[in-house]
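Per-entry structural report
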Amino acid sequence: MNRVAIKPTGTSQENLRCGPYIFAVIIFTLIIVAFFDPIFNSASSSLFIAGLMLGLALVGLRRNLEMANHKKQQWRELSQRTKLDCQVGGAFLGYPVYLEGFYRNRPTLVANNTDKGIFQIPATRIEVGLTNANNASLRLRGPYPTVPTDRADEVVHEILSASRLKEVSTDKRRFYVGASYVHLTTNLFSFDNVRDKLNKLQQPVSIVLDRQKLYFEHPGIIYDTDYLCLLLDLLNDLAAAIERTANTRLMLAAGSR
């Protein structure tokens, strides 16, 4: 898989969206008016200011539209392979691009959070629906090296441990898992397909089960089709494992009555 297709976190061209851009234009114009108020006191000056604001806003809209077309092109192969529809949001939202539909018979959404504003750390988000029969909750972070390699790793370990997440080690990597039911924490890693895909993650991720949906966040903007398919399959396998574990628990509870 091509690691270059995962753009590093930090400031990038994709961070600047239409809403924040227009807000910045307005602030910039107000600053001009504040400093040069004695000059801008005629009708022609007011028209100049309005034209300046409109021009800068149109430049931002055009730029965001170009970025949206770029994203659509990058995600075209993924859309074809997964049968997810590529959607583009409205102009005021900055033309956010996302994939939506059903993958392996589950409602699925693929997007990135840079569409929300200039202060968002670039990340790829995936949401997958499932049947959460007993309303379980789950938090999963990782993978991290089994043995902390530096002080930063030690800090991560301390923070996650303080969050009451249980450490689970697999194949020289470790994860931190917390769930509303103990058996869910321990059983997930007993499924080979889930464990194998978790070990193929290229960076630490966040996975949260909340009600009838799995929320997944991966650092960076990912365009690598093979890797994105791996992530989608991971979440679907994880959803199936959660459903299977929940059904087993319900059957055991019914049998004990």
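Up top is the structure.
Keep in mind that what you see is a predicted model, and the values were worked out from it rather than measured. (Residues numbered from 1 in each chain as written. Predicted model: local features only at pLDDT ≥ 70, side-chain atom pairs only at ≥ 80, totals over all residues. Heavy atoms only, no water.)

1. Topic: the side chain of Asn 199
- Position of Asn 199 relative to the elements: it lies in the loop between α6 (192–198) and β9 (205–210).
- Residues in contact with Asn 199, not counting those within four places in the same chain, are Thr 170, Asp 171, Arg 173 and Phe 175. (Helix = DSSP H or I, 4+ residues; strand = E, 2+ residues; numbered from the N terminus. Contact = heavy atoms within 4.5 Å.)

2. A look at the pattern of salt bridges
- All chains considered together, the criterion is met by nine salt bridges.
- Linking Arg 81 and Asp 226 is a salt bridge whose minimum nitrogen-to-oxygen distance equals 2.7 Å. A residue pair is termed long-range when its members are at least 10 positions apart, and Arg 81 in helix α3 (residues 76–82) and Asp 226 in helix α7 (residues 225–255) qualify at 145 residues.
- Note on Asp 226: relative accessible area 42%, which makes it partly exposed.
- A salt bridge links Arg 104 to Asp 233, with the shortest nitrogen-to-oxygen separation between them at 3.3 Å. In this pair, Arg 104 sits in the loop between β3 (97–103) and β4 (106–112) while Asp 233 sits in helix α7, placing the two residues 129 residues apart along the sequence.
- On the accessibility criterion, Arg 104 (41% relative accessible area) is partly exposed.
- A network of salt bridges, in which partner residues are shared, links Arg 104, Lys 197, Asp 233 and Asp 237. (Salt bridge = Lys/Arg side-chain N within 4 Å of Asp/Glu carboxyl O. Buried < 20%, exposed > 50% of the residue type's maximum accessible area, 1.4 Å probe, protein only.)

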